[in-house]
Amino acid sequence: MTHKNITLTMIKPLAVQKGFIGPILAKVNEAGFRIVAMKQMKLTVDQAKDFYAIHKERPFYNDLVAFMTSGPIVAAILEKENAVEAYRELIGSTNPAQATDGTVRKLYGTSIEANAVHGSDSDDNAVIESAFFFSKLERF
Ligand code: ATP
Ligand code: MG
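The paragraphs below set out a description of the structure included in this document. (Residues numbered from 1 in each chain as written. Chains lettered and ligands numbered in written order. Predicted model: local features only at pLDDT ≥ 70, side-chain atom pairs only at ≥ 80, totals over all residues. Heavy atoms only, no water.)

### Quick look at the site of ligand 1
What surrounds ligand 1 is a group of 14 residues, the closest being Lys 12, Thr 94, Glu 113, Asn 115 and Gly 119. One nitrogen or oxygen atom from the side chain of Arg 88 is found 3.0 Å from an oxygen atom belonging to ligand 1. A distance of 2.9 Å separates an oxygen atom of ligand 1 from a polar backbone atom of Gly 119. Protein coverage of the free-state accessible area of ligand 1, which is 570 Å², stands at 81%. When grouped by side-chain class, the residues that make up the shell around ligand 1 number four nonpolar, five polar and five charged. (Near = heavy atom within 4 Å. Polar contact = N/O pair within 3.5 Å; in protein donor to acceptor, adjacent residues only side chain to side chain. Areas by Shrake-Rupley, 256 points an atom, 1.4 Å probe, with all protein chains shown as cover. Nonpolar A, V, L, I, M, F, W, Y, C, P; charged D, E, K, R; others polar.)

### Here's the deal with the pattern of salt bridges
Overall, the coordinates contain four salt bridges when judged by the stated rule. Between Lys 39 and Glu 138 there is a salt bridge; the shortest N-O distance is 3.3 Å. Taken together, the residues Lys 39 in strand 2 (residues 34-41) and Glu 138 in the segment after helix 7 (123-133) connect sequence positions 99 residues apart. Measuring nitrogen to oxygen at the nearest pair gives 3.9 Å for the salt bridge that ties Asp 101 to Lys 106. (Salt bridge = Lys/Arg side-chain N within 4 Å of Asp/Glu carboxyl O. Helix = DSSP H or I, 4+ residues; strand = E, 2+ residues; numbered from the N terminus.)

### Focus on the nonpolar core
Ranked by size, the top nonpolar core spans 20 residues in total, and within it Met 10, Met 68 and Phe 133 carry the most contacts. For this core, the secondary structure elements donating two or more residues are strand 1 (6-11), strand 2, helix 3 (45-51), helix 4 (61-68) and strand 3 (73-79). Looking at this core, the element that brings in the most residues is helix 4, giving five residues. Setting aside chain neighbours within four positions, we find Met 10 in contact with Leu 43, Phe 51, Tyr 52, Met 68, Ile 73, Val 74, Ala 75, Ala 116, Val 117, His 118 and Phe 133. By size, the runner-up hydrophobic cluster in this structure holds 17 residues, among which are Ala 15, Val 16, Leu 78 and Ala 83. (Core = buried A, V, L, I, M, F, W, Y, C linked by side-chain atoms within 4.5 Å. Buried < 20%, exposed > 50% of the residue type's maximum accessible area, 1.4 Å probe, protein only. Contact = heavy atoms within 4.5 Å.)

### Re the pairing of strand 1
By the criterion of burial, strand 1 is predominantly enclosed, with six of the six residues buried. Covered by surrounding structure in strand 1 are Ile 6, Leu 8 and Met 10 together with Thr 7, Thr 9 and Ile 11, the residues of both alternating faces. Judged from the six bridges that link them, strand 1 and strand 3 form a sheet pairing that is antiparallel. In the strand pairing of strand 3, Thr 9 is matched with Ala 76. Bridge count between strand 1 and strand 4 (residues 117-119): three bridges; the pairing is antiparallel. The partner of Ile 11 across the bridge, within strand 4, is Val 117. (Pairing = 2+ DSSP bridges.)

Distances and angles like these do not, on their own, reveal function.
Have a look at this one:
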């Protein structure tokens, strides 16, 4: 069950703390995404480990889990044609220092770890990650 029209984003803790929820959502809006579901919440360590399980062998895994549980995040399902690719273009490279001018990570990212936002990397993961955060009843 793969859809090409949704992606899952998180606004990461440091971007939330710095007051960038509004500016980031404005970019999302301007780029033509529709917000299907959205919530602010604080991940538990187990939830963050589960979400990033694909990276569990990477050297930065424990730091990433600690960072992602350091404060509230905003999770959202975004809808647009080719949402995964379109959103990754809007947010830019993983490392804000290498991201294209005008992208979300260039504008609002602090470091490769605290890079402002997450974006799903495939249509299958968009479906899996959306189900991680939202039930059917929370989608509009
Ligand atoms: P995301 O999955 O968050 O959208 P991405 O797909 O661009 O980011 P991944 O390779 O999936 O990048 O890495 C997941 C997250 O792990 C990154 O967003 C970043 O927060 C962190 N990360 C990746 N590489 C490093 C690194 N070398 N050092 C520290 N943190 C890293
Ligand atoms: Mg990724």
